[in-house]
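Survey of secondary and tertiary structure
Residue strings, one per chain:
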Amino acid sequence: MDEIKAQVTWAMSELDLDVLCLSVQALVAKGCDSTEIVELLQQGLLEVGNRFAQGEYFLADLIVSGMMFKSALSLITPEAPPVGAAGAAGSAEVAEAANTRGRVLIGVMAGDIHDIGKDIIVQVLRTESFDVLDLGVDVPVEAFVQAALNYTPDIIALSGVMGGAALEMKLVVEALTEAGIHPATPILVGGSCVSELILENIGDVNYAKGPVEAVKFCVSVMESK
Ligand code: B12
């Protein structure tokens, strides 16, 4: 199995879609944990990012790597029902009828279109029976406030990858505070734009490294209600 695992990371970094799909399918067939497969894919993407930074790969390669990651992900996780779309209408009844554990509003910061990490968080939260309203990428500050007023989430989750995303997070936190939504509604931040140092400057927020920690946080918020 170790050889196939290495092949997943290799295929991702070499942008070889055929080998990637075959090796991911082989790992799934062998019962490999999906979290581990995602980590292998992420290691491959890290290498793609390094090669891009060194000028060895170009923007087109980044685009291909993103598409490949999503293809690979679809092989390991079943398509989640768009529960959040119901919440978008502001219908608390629909969320209750669906017997959800809680409502999470999520989006990627303005100026940032990286959504692979955010999509993983969304998928895992939905699998764990949370109702998630996904605002997508490049979300303006005001859109978070409006959506929070309409959807009345239990948790607001912010995702960012680009360097500037951390500043946008700070602006969203300030706007949500001014609108009286935060701190009553806790904010969870994540994504590679967040470091320990930066976290302090974003404001009164919680941080989770990945999907497992994100679920733990959301569960603890609901349990404390
Ligand atoms: C794929 C990719 C793209 C794709 C994105 C496709 C897509 N649909 O997302 C495309 C081609 C669009 C792209 C574009 C660009 N990219 Co790009 N991209 C990448 C790459 C290779 C992978 C990113 C990724 O998806 N990682 C995998 C995911 C799973 O990891 P993740 O996002 O960190 O998410 C995990 C955790 O952080 C966490 N998480 C994420 N969100 C949240 C939210 C919450 C609430 C929580 C709790 C946790 C959490 O959970 C996730 C799962 O574990 C990175 C390289 C790298 N090292 O990251 C560069 C990288 C991010 N890109 C970079 C750059 C420079 C660009 C461009 C500016 C290139 C250009 N010249 O145009 C544009 C920017 C466009 C924009 N305005 O956003 C730089 C960013 C530098 C910086 N820090 O500012 C990087 C680091 C590459 C590099 N080394 O130079 N990119």
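Look up a bit, the structure's there.
Below you will find a few notes about this structure. Small disclaimer: the values here were computed from a predicted structure and weren't measured. (Residues numbered from 1 in each chain as written. Predicted model: local features only at pLDDT ≥ 70, side-chain atom pairs only at ≥ 80, totals over all residues. Heavy atoms only, no water.)

**Overview of the overall build of the chain**
On a plain count of helices and strands, the chain comes out with 11 helices and 5 strands. Its C-alpha radius of gyration of 18 Å places the chain within 12% of the 17 Å reference for a compact globule of 225 residues. Dimensions of the chain, computed from the C-alpha atoms along their principal axes, are close to 50 × 40 × 25 Å. For the chain, with 225 residues in total, the buried portion stands at 44%. For the chain, contacts bridging at least 24 residues in sequence account for 72% of all contacts bridging at least 6. Carbon and sulfur atoms make up 57% of the accessible area of the chain, which totals about 11,400 Å². (Helix = DSSP H or I, 4+ residues; strand = E, 2+ residues; numbered from the N terminus. Rg over C-alpha atoms; globule rule 2.2 N^0.38 Å. Buried < 20%, exposed > 50% of the residue type's maximum accessible area, 1.4 Å probe, protein only. Contact = heavy atoms within 4.5 Å. Areas by Shrake-Rupley, 256 points an atom, 1.4 Å probe, with all protein chains shown as cover.)

**Focus on the site of the ligand**
Close contacts around the ligand come from 37 residues, with Gly111, Ile113, His114, Asp115 and Ser159 the closest. Between the ligand and Asp115, the relevant distance is 2.7 Å, taken from a nitrogen atom to a side-chain nitrogen or oxygen of the residue. The separation between an oxygen atom of the ligand and a polar main-chain atom of Gly163 is 3.0 Å. Among the elements of the structure, α3 (34-53), α4 (59-76), α7 (116-127), β3 (155-159), β4 (187-190) and α11 (211-223) are those that each provide at least two residues to the shell around the ligand. Sorting elements by how many residues they give to the shell around the ligand places α3 first, with 6 residues. Class assignment for the residues of the shell around the ligand results in 20 nonpolar, 12 polar and 5 charged. Two domains each put at least three residues into the shell around the ligand: domain 1 (2-76) and domain 2 (83-223). (Near = heavy atom within 4 Å. Polar contact = N/O pair within 3.5 Å; in protein donor to acceptor, adjacent residues only side chain to side chain. Nonpolar A, V, L, I, M, F, W, Y, C, P; charged D, E, K, R; others polar. Domains from an automatic or database assignment.)

**Some words on the packing of aromatic side chains**
Taken as a whole and judged by the stated rule, the model has 0 aromatic pairs. We note Arg103 situated over the ring of Tyr151; from NZ or CZ to the ring centre the distance is 4.3 Å. (Phe/Tyr/Trp six-rings, centres within 6.5 Å; stacked < 30°, edge-to-face > 60°. Lys NZ or Arg CZ within 6 Å of the ring centre and 35° of its normal.)

**Concerning the pairing of β4**
By the alternation rule, side chains of β4 split into Ile187 and Val189 and Leu188 and Gly190, which are all buried. Pairing between β3 and β4: 4 bridges, direction parallel. Bridge pairing links Ile156 to Ile187 in β4. Tracing the backbone out of β3, into helix α9 (residues 165-178) and back to the parallel element β4 gives a crossover that is right-handed. (Pairing = 2+ DSSP bridges. Right-handed = clockwise from strand over helix to strand, strands pointing away.)

**Remarks on the pattern of salt bridges**
Overall, the coordinates contain 10 salt bridges when judged by the stated rule. Glu47 serves as the salt-bridge partner of Arg51, at 2.8 Å between the closest nitrogen and oxygen. A residue pair is termed a helical-turn pair when its members lie 3 or 4 positions apart in one helix, as Arg51 and Glu47 do in helix α3 at 4 residues. The shortest N-O distance in the salt bridge between Lys118 and Asp119 comes to 2.7 Å. Several salt bridges converge on common partners, so that one network encompasses Lys70, Asp115, Lys118, Asp119 and Asp134. (Salt bridge = Lys/Arg side-chain N within 4 Å of Asp/Glu carboxyl O.)

**So, the nonpolar core**
Ranked by size, the top nonpolar core spans 26 residues in total, and within it Ile156, Leu158, Met169, Leu176, Ile187 and Val189 carry the most contacts. Those elements that place two or more of their residues in this core are α8 (141-151), β3, α9, β4 and α10 (196-202). With 7 residues, α9 is the single largest residue contributor to this core. Sequence-distant contacts of Leu158, that is, excluding residues within four places in its chain, are made with Gly107, Met109, Phe144, Met169, Val172, Val173, Ile187, Leu188, Val189 and Gly190. (Core = buried A, V, L, I, M, F, W, Y, C linked by side-chain atoms within 4.5 Å.)

**Section: the sheet that holds strand β2 (residues 131-134)**
Spatial ordering of the open sheet is given by β2-β1-β3-β4-β5, a layout of 5 strands whose pairing is parallel. Each edge of the open sheet is held by one strand with a lone partner, namely β2 and β5 (206-207). The sheet contact formed by strand β1 (residues 103-108) and β3 spans 5 bridges and is parallel. When the sheet's bridge partners are listed, Val108 is paired in β3 with Ser159.

Nothing here speaks to function; it is geometry throughout.
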